[in-house]
Amino acid sequence: GEKRQRLENDFKEEPFTNAILRLSSSKEHTICFTTGHGEREVDDDASAEGIGGMVVKMEGQNYKAKPFVPLKEGAVPADCEVVIVAGPQSELAPQEREMLARHVAEGRHLIVLIDPLVANETAADLSRYGLIIGDDLVLENNPNYQLEGGDPSYIVLDKASMDFHPIVNDMKAIALLRTVRSVRKGPDVEGYNVQELARTSPQSWAETDLSFVTAGVMPSPDEGVDLIGGVPMMAVVEVVDPSVVPVGDMSLPGGGLSLAPAPVDPAAPVDPAAPVVDPAAAPAEPVAEPVAEPVIAATPARGRNPGGRVLVIGDSDFAGNGLL
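The paragraphs below set out a description of the structure included in this document. (Residues numbered from 1 in each chain as written. Predicted model: local features only at pLDDT ≥ 70, side-chain atom pairs only at ≥ 80, totals over all residues. Heavy atoms only, no water.)

**Some points on the overall build of the protein**
1) Next: Scanning the protein from N- to C-terminus turns up seven helices and 14 strands.
2) Next: For the protein, the residues scored as buried account for 42% of the 324 residues in total.
3) Next: Once local pairs closer than 6 in sequence are excluded, the contacts in the protein between residues at least 24 apart make up 77%.
4) Next: By element, 56% of the accessible surface of the protein is carried by carbon and sulfur atoms, the whole surface being about 18700 Å². (Helix = DSSP H or I, 4+ residues; strand = E, 2+ residues; numbered from the N terminus. Buried < 20%, exposed > 50% of the residue type's maximum accessible area, 1.4 Å probe, protein only. Contact = heavy atoms within 4.5 Å. Areas by Shrake-Rupley, 256 points an atom, 1.4 Å probe, with all protein chains shown as cover.)

As structure tokens, this is what we get:
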């Protein structure tokens, strides 16, 4: 039709294919990134910690990146098809976690990249989607899945590490993760389909005694305490029945500034210019109290758009510029 995409100086396969994608798509897809909790910076494509390099690649494929602060918005913006929580270093507020749950219950999607040793309350809250996020650190002892030098906190994943699922089926290269926590399927919940997508080798384990991080002593796995062998680090939840997603109160607690009138001192001198009130006079017409704005319901109506998905990965380093 009338749409054009011009390639000025980069004629390799990726920009050429992306231009065709942008031409053939009838819609720009909005991916929203939470901010305000120490997440990785969407606009930072230079430092190792930013995720701007990934965002640039997404934008080349007709995605629009939009940062937002959930507490400021009061809800996930309606145009957000997917929300990404990319490596929070502090906790999301309880109200923010309920906003994300409502977003999922309404048939939209959520990706959480949750690092070990931080934001444990936010990690534990993901149990509402049928997942168990370990308070642990995955260590890999198989030299074929380590970087040269043998640092067990770096995890190499290849095609053999992945389960069969559209998210990972087209993976053509290795993925490199650094300091990872376990992400596994919890007890079955009717209305959810939960699948673990990526696992470590049989020589790995998820260490739960994290004191070794500061002690500088390499631990060993404890039978019956640590997950040993084939530790899952990535899982996806497909919401078949949105009514099973628990959604709580998203309103902030009251107790703000009070503007009550100052008390009257009976001993104070009377202002002669003040109007005199006749006690025998007919009472004034009552003034209608202002109607308060309705508070968002604790359990909003939902179920019209089944098919929301939640993808959780126990690391955010792999998406950062340093390891991209």
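Moving on from the model shown.
**Notes on helix H2 (residues 52–60)**
1) Next: Here H2 has its buried residues at Gly52, Gly53, Val55, Met58 and Gly60.
2) Next: Along its buried surface, H2 packs onto helix H1 (13–24), strand S1 (29–34) and strand S2 (63–68).
3) Next: Directly beyond the C-terminal end of H2, a positive phi value near 75° is found at Asn62.

**Details of the pattern of salt bridges**
1) Next: Scanning the model with the defined rule gives 13 salt bridges in all.
2) Next: A salt bridge links Arg40 to Asp317; the shortest N-O distance between them is 2.8 Å. In this pair, Arg40 is assigned in the loop between S1 and H2 and Asp317 in the segment after strand S14 (309–313), connecting sequence segments 277 residues apart. Of the two residues, Arg40 and Asp317, neither departs from the other in class, the shared state being buried.
3) Next: We note a salt bridge from Arg102 to Glu106, for which the minimum N-O separation is 3.0 Å. (Salt bridge = Lys/Arg side-chain N within 4 Å of Asp/Glu carboxyl O.)

**Focus: the sheet that holds strand S6 (residues 137–140)**
1) Next: Ordered by their spatial adjacency, three strands build an open sheet running S6-S11-S12, and the pairing between neighbours is antiparallel. Only two strands of the sheet have a single neighbouring strand rather than two, namely S6 and strand S12 (227–228).
2) Next: Across two bridges, the pairing between strand S11 (residues 204–207) and S12 is antiparallel. Across the sheet, the residue bridging to Trp205 is Ile228, located in S12. (Pairing = 2+ DSSP bridges.)

**Quick notes on helix H4 (residues 94–105)**
1) Next: If you check H4, its first and last C-alpha atoms are 17 Å apart, about what twelve residues at 1.5 Å a residue would give, namely 16 Å.
2) Next: Of all twelve residues that make up H4, ten are buried, and the element is covered over most of its length. (Expected span 1.5 Å × (residues − 1).)

**Section: the state of the cysteines**
1) Next: Inspection of the entire model under this criterion finds one disulfide.
2) Next: Note on cysteine connectivity: Cys32 is disulfide-linked to Cys80, with sulfurs 1.9 Å apart. Taking the sign of the S-S torsion, about -80° here, the bridge from Cys32 to Cys80 comes out left-handed. Separated by 48 residues along the polypeptide, Cys32 in strand S1 and Cys80 in the loop between helix H3 (70–73) and strand S3 (82–86) bring together distant segments of the chain.
3) Next: Relative accessible area serves as the criterion here: at 0%, Cys80 is assigned to the buried category. (Disulfide = S-S within 2.5 Å.)

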